Amino acid sequence: MKSLYKSAEGKRAVLDLYDEQLSRIGCPFEDVYVDTAFGRTHVVVTGDPEAVPLLSFHGGNSTTAHNLITSPLLLRGDFRVLAVDTIGHPGKSDETCLPPSGYAYGEWAAQVIDALGFARMRCIGGSFGAGILAKLMCAAPEKVERAVLFVPSGIKNAPAWHSMSMMGPMVMHLFTRREEWFVKTLLPMAGAPDVIDAETLATARATIDHAKVKAGMPTDVDPERMAACTAPTLVMASDADRLFPAARVLPQAEAIIPNVTCRLMRGRAHMGAFTAEQECEIVEFLKEGAR
């Protein structure tokens, strides 16, 4: 199996950053490893053991450590968070690469839920992670109790050329190693420089410098397969998102997800923090009906 890292030293640099970020999340955690037919999968478990279990999927070419340290709603104490490292992406899961088309990611996620000892779970995912969650909703709808998908892939992605503006600056960064080109690589997703926080900058730099970046996002799901998932679902999309624009995502979500609530996030690009109101809505939605 080919490594997703460019070198052994590069892998160590990515994992060193992972461990350093995880050490600063401000709450106790444990590392759990589960076996699936696709490979061994790493899960960070944190939060009150008596709270509502929540399975979290991180964004593409990123890690669970970055997801936790930049996601206050996961660490505020409302949930027993089980944050999974996506297989084949930087992190501590196996390096097995799954295809963005088809439903392998959904089958993998369903096996993770089984291996963690749950019949079904409340789930949250953003960007690539939301695409994994969408695939799970199609591959094993009975495994999903409630779902939040934000800036989601896998519903109605923009044409691939919408993201081409990132490639030129990325190539220039790799050749010159100049900071200005690196920041320009992220700007199409951030919308403005001040949106790019230090943790995201460090994680993106580690991935671009040391890993083989995956450009393919989870493909759009089949409406007929999605129709089988009746779990209450919250879909949040941004009007300035070049990858998964709200104008495409929200009408499609309304059309194909049986029990959906859609929210437009105005003035936001693909990256960015939730407002206090958005965070509260997500937490209340995920906790609704919990025993």
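Above: the structure in question.
These lines cover the structure that appears in this document, whether it is placed above or below. (Residues numbered from 1 in each chain as written. Predicted model: local features only at pLDDT ≥ 70, side-chain atom pairs only at ≥ 80, totals over all residues. Heavy atoms only, no water.)

Another aspect to go through is the pattern of salt bridges. Per the counting criterion, the structure on display carries 14 salt bridges. Arginine 24 serves as the salt-bridge partner of glutamate 199, at 2.8 Å between the closest nitrogen and oxygen. Of this pair, glutamate 199 sits in helix 8 (residues 198-210) while arginine 24 sits in the loop between helix 1 (8-22) and strand 1 (29-36), and the two are 175 residues apart along the sequence. With relative accessibility at 38%, the residue arginine 24 sits in the partly exposed group. (Salt bridge = Lys/Arg side-chain N within 4 Å of Asp/Glu carboxyl O. Helix = DSSP H or I, 4+ residues; strand = E, 2+ residues; numbered from the N terminus. Buried < 20%, exposed > 50% of the residue type's maximum accessible area, 1.4 Å probe, protein only.)

Gaps between atoms show up when a probe of the same size as a water molecule is rolled over them. Quantified by volume, the second largest pocket comes out at close to 180 Å³. Contributing to the lining of the second largest pocket are Val52, Pro53, Phe118, Arg120, Met121, Arg122, Glu145, Gly289, Ala290 and Arg291. Residues of the lining of the second largest pocket, tallied by class, amount to 5 nonpolar, 1 polar and 4 charged. (1 Å grid on protein atoms, 1.4 Å probe; cavity = no way out; pocket = protein on both sides within 12 Å on 5 of 7 lines; lining within 4 Å. Points joined across faces, edges and corners; volume = space filled by probe spheres on them. Nonpolar A, V, L, I, M, F, W, Y, C, P; charged D, E, K, R; others polar.)

Here we come to the side chain of serine 62. Relative to the elements of secondary structure, serine 62 occurs in the loop between strand 3 (52-57) and helix 2 (64-69). In terms of polar contacts, serine 62 uses its side chain to reach the side chain of histidine 66, at 3.2 Å. If we ignore the near neighbours within four places in the chain, the residues touching serine 62 are His89, Pro90 and Thr203. (Polar contact = N/O pair within 3.5 Å; in protein donor to acceptor, adjacent residues only side chain to side chain. Contact = heavy atoms within 4.5 Å.)

The next point concerns the sheet that holds strand 6 (residues 144-150). If you walk across this open sheet you meet the 8 strands as 1-2-4-3-5-6-7-8, and the pairing is mixed. With one partner strand each, in any of the chains shown, strand 1 and strand 8 (260-265) form the two edges of the open sheet. The average undirected angle you get between the axes of adjacent strands in this sheet is 20°. The sheet contact formed by strand 3 and strand 5 (residues 121-126) spans 4 bridges and is parallel. Note on strand 5: the bridge partner recorded for phenylalanine 57 is glycine 125. (Pairing = 2+ DSSP bridges. Axes fitted to C-alpha atoms, helices over the stretch in contact; angles between N-to-C directions.)

Scope: geometric values only; no functional claims are made or implied.
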